[in-house]
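Remarks on the overall topology
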Amino acid sequence: MHEEHMNSQEDFPSGHTPSTGELDLEARQALRRVVGLASTELEDVTDAEYRRLRLERVVLVGVWTEGTIDDAENSLAELAQLAETAGSEVVDGLIQRRSKPDAGTFIGSGKVREVKDTVEALGADTVIADGELSPGQLIALEKAINVKVIDRTALILDIFAQHAKSAEGKAQVELAQLQYLLPRLRGWGDAMSRQGGSNGGVGLRGPGETKLETDRRRIRAKVAKLRRELAKLTVTRETKRDSRTRNRVPGVAIAGYTNAGKSSLLNALTGAGILVQDALFATLDTSTRRSRTAEGREYTVTDTVGFVRHLPHQLVEAFRSTLEEVAEADLIVHVIDGSHPDPLGQAEAVREVLAEVGAEEIPELVVVNKLDLVAPDDVLQLRSDWPDAVFVSAHSGEGIDKLRAAIEQALPQPHTMLTVCIPYVRGDLVSRLRSRGEVLSTEHRGDGSVITARVDDALAGELRAFVLEKD
């Protein structure tokens, strides 16, 4: 096993320099889950650290409370994708029709017995609920079924923990995990009590502090520390953002449902070379690249974390500083997976998160991606649903030029019109004008370059001394 992945460079053709994304993908695929080394059945655990999910053979359980059966099946199919992304094998999925989830066990007592029989018959060791379980529901289900039970939130948190790479990303995920874990801490018998007793010695007499209380205190202290670390990292992010704002570089944020092809689109637009993988939440860390319009004006393109239905509120809170990249953008490129069975539902889920971070008022350019995977009849329906959208295939390159043109058209335009004569020795000003403004005409004469352009107020101030008076 070690020899197979010891030198990842050997897997690439001779003379080929792998991109960052290729190296990330190679590193991720070099890790293989080893099945059967540890049982996932419940046992007494005294360590309150977050129990990493050892997902192997899982049974999915969903409650259909509203919408159509297709909606319920799509939700369970997405849960299966999430489980497989986390490294598990889905062996069965069950849906129960109810007006609302059961307060005690999420599913009714009859369905609990059915799930238990299914788990035993298929040799499953984990049950995943398609929703967020309360601590009471979690305990009741584990006792009834006698295997580990987790919910959709814990599953997404586990995937985020596997895929986070940067210091900020890791801190954000750990913060979200601890916030999720805190109300779900529970004791396991006498081991949870640290009672000194009458012969406990100095400092150990009396009832003392239960381990549960100690664990809660440790987690709260860790949460406070992570918040301080993230605050420092946020300052760095804001400094970079302020620098772009001062230079009046327009910002484009690529947002969309997870696995809609955002990273592929960023690569197609800018040649970024970041990780592309057909998996949910393949990339978590934002990537910002510079691009230029046909006239040479600079703008930034930022790939953001993917969204999903019922994105855990702990993650929205923990990733707020990252998601603010979207709220600070001048244009949101909303990428939709045209090949998905429910693209309208995905688009609505994305807009809910955008509204939560205060980005609902920012101009939106809808891009329907994966056109190469969509049947012609479905393309007609998508064009009817989004008549103003740009239809592309990041994989084949179809429509990318149209998308570039649409982005350039939608960027905020500088509003100050002026004509300047810049001496040839001030090439720096000409370069700045071309990168930050919109050049309308250029004429070269003996004393310098005469340029008519639209620029922002800050650049207009720098060019004031070179403005030509109107006749």
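Along each chain, residue indices are assigned from 1 in the same order as the chain's sequence is written. Local features in this predicted model are restricted to residues whose pLDDT is 70 or higher, and side-chain atom pairs enter the listing and the counts only when it is 80 or higher, whereas totals over whole chains, interfaces and linings include all residues. Heavy atoms from the whole structure form the basis of all side-chain values; hydrogens and water molecules are not counted.

Under the annotation held in an unreviewed UniProt entry, the protein chain carries the name GTPase HflX and is attributed to Glycomyces rutgersensis. UniProt positions are given in the numbering used here, feature names are shortened, and annotations may be inferred rather than shown by experiment. Check the Subcellular location (unreviewed entry) section of the UniProt entry for the protein chain; it says "Cytoplasm".

When you go through the protein chain residue by residue, the secondary structure sums to 16 helices and 13 strands. The classification of residues rests on relative accessible area computed with a 1.4 Å probe and restricted to protein chains. Under 20% of the type maximum is buried, over 50% is exposed, and intermediate values are partly exposed. Looking at the protein chain as a whole, 48% of its 471 residues qualify as buried. We get accessible surface area from the Shrake-Rupley algorithm with a probe of 1.4 Å; when it comes to residues, only the shown protein chains can shield them. Approximately 23800 Å² of the protein chain is accessible, and the part contributed by carbon and sulfur atoms is 49%. In DSSP terms, a helix is any run of H or I states spanning at least four residues, a strand is any run of E spanning at least two, and both are numbered starting from the N terminus.

Paired strands, in this sense, are two strands between which DSSP finds at least two bridges. Strand order in the open sheet formed by three strands is 11-13-12, with antiparallel pairing between adjacent strands. In this open sheet, the two edge strands, each paired with only one partner strand, are strand 11 (416–422) and strand 12 (438–445). Geometrically, the sheet is characterised by an average inter-axis angle of 15 degrees between neighbouring strands, direction not taken into account. Pairing geometry for strand 11 and strand 13 (residues 448–455), over seven bridges, is antiparallel. To define axes, lines are fitted to C-alpha atoms, for helices over the stretch in contact only, and angles between the resulting N-to-C directions are given on a 0 to 180 degree scale.

Residue placement: Arg 426 occurs in the loop between strand 11 and helix 15 (427–436). Under the relative-accessibility criterion, Arg 426 is labelled partly exposed at 31%. When the C-alpha positions of Arg 426 and Gly 448 are compared, they lie 9.1 Å apart, and in sequence the two are 22 residues distant.

Turning to a negative patch on the surface, a few remarks are in order. A grouping of Glu 66, Asp 70, Asp 71 and Glu 73 is seen on the molecular surface, where their side chains present a negatively charged patch. Along the polypeptide, Glu 73 turns up in helix 3 (residues 69–85). With a relative accessible area of 43%, Glu 73 lands in the partly exposed category. Each patch is built from residues lacking any salt bridge and having more than 30% relative accessible area; the joining distance is 9 Å for like charges and 5 Å for nonpolar side chains (Val, Leu, Ile, Met, Phe, Trp, Tyr). We define a salt bridge as a contact between a side-chain nitrogen of Lys or Arg and a carboxyl oxygen of Asp or Glu at a distance within 4 Å. By the counting rule applied here, Lys and Arg register as positive and Asp and Glu as negative, while His and the ends of each chain are not counted. Note that the charge is assigned to NZ on lysines, CZ on arginines, CG on aspartates and CD on glutamates.

Moving on: the pairing of strand 2 (residues 89–97). Pairing of strand 1 (residues 57–64) with strand 2 involves eight bridges; the strand directions are parallel. Across the sheet, Trp 64 pairs through a bridge with Arg 97, a residue of strand 2. We call a crossover right-handed when, viewed with the strands running away from us, the connection from the first strand over the helix to the second turns clockwise. With helix 3 bridging strand 1 and its parallel neighbour strand 2, the resulting β-α-β unit is right-handed.

Any two of the Phe, Tyr and Trp rings considered here, Trp counted by its six-membered ring, make a pair once their centres fall within 6.5 Å; the pair's planes then place it as stacked at under 30 degrees, edge-to-face at over 60, or tilted in between. Under the defined criterion, the tally for this structure stands at zero aromatic pairs. When the ring centre of Trp 64 is taken as reference, the NZ or CZ atom of Arg 97 above it lies at 4.1 Å. A ring has a charge above it when a Lys NZ or an Arg CZ is no more than 6 Å from the ring centre and no more than 35 degrees off the ring normal.

So, on to the confidence of the model for the protein chain. Confidence of the prediction at every residue is given by pLDDT, a number between 0 and 100. Chain-level statistics for the protein chain give a pLDDT mean of 78 and a share of 76% at 70 or above. The secondary structure element of the protein chain with the lowest average pLDDT is helix 1 (residues 2–5), at 40, and the one with the highest is strand 10 (residues 390–391), at 96. Whether two residues are in contact is decided by their heavy atoms: any pair within 4.5 Å suffices. This stretch, residues 28–55, has a pLDDT under 50; its non-local contacts, to residues over four places away or in other chains, come to 57 contacts.

Outside of glycine, negative phi angles account for most residues, and trans bonds account for most peptide bonds. Positive phi, close to 70 degrees, is recorded for Asn 259, a residue that is not glycine. Note that Asn 259 resides in the loop between strand 5 (251–256) and helix 9 (262–270). Positive phi, close to 65 degrees, is recorded for Lys 370, a residue that is not glycine. Counting through the fold element by element, Lys 370 comes out in the loop between strand 9 (364–369) and helix 13 (376–385). We classify Lys 370 as buried; its relative accessible area is 16%.

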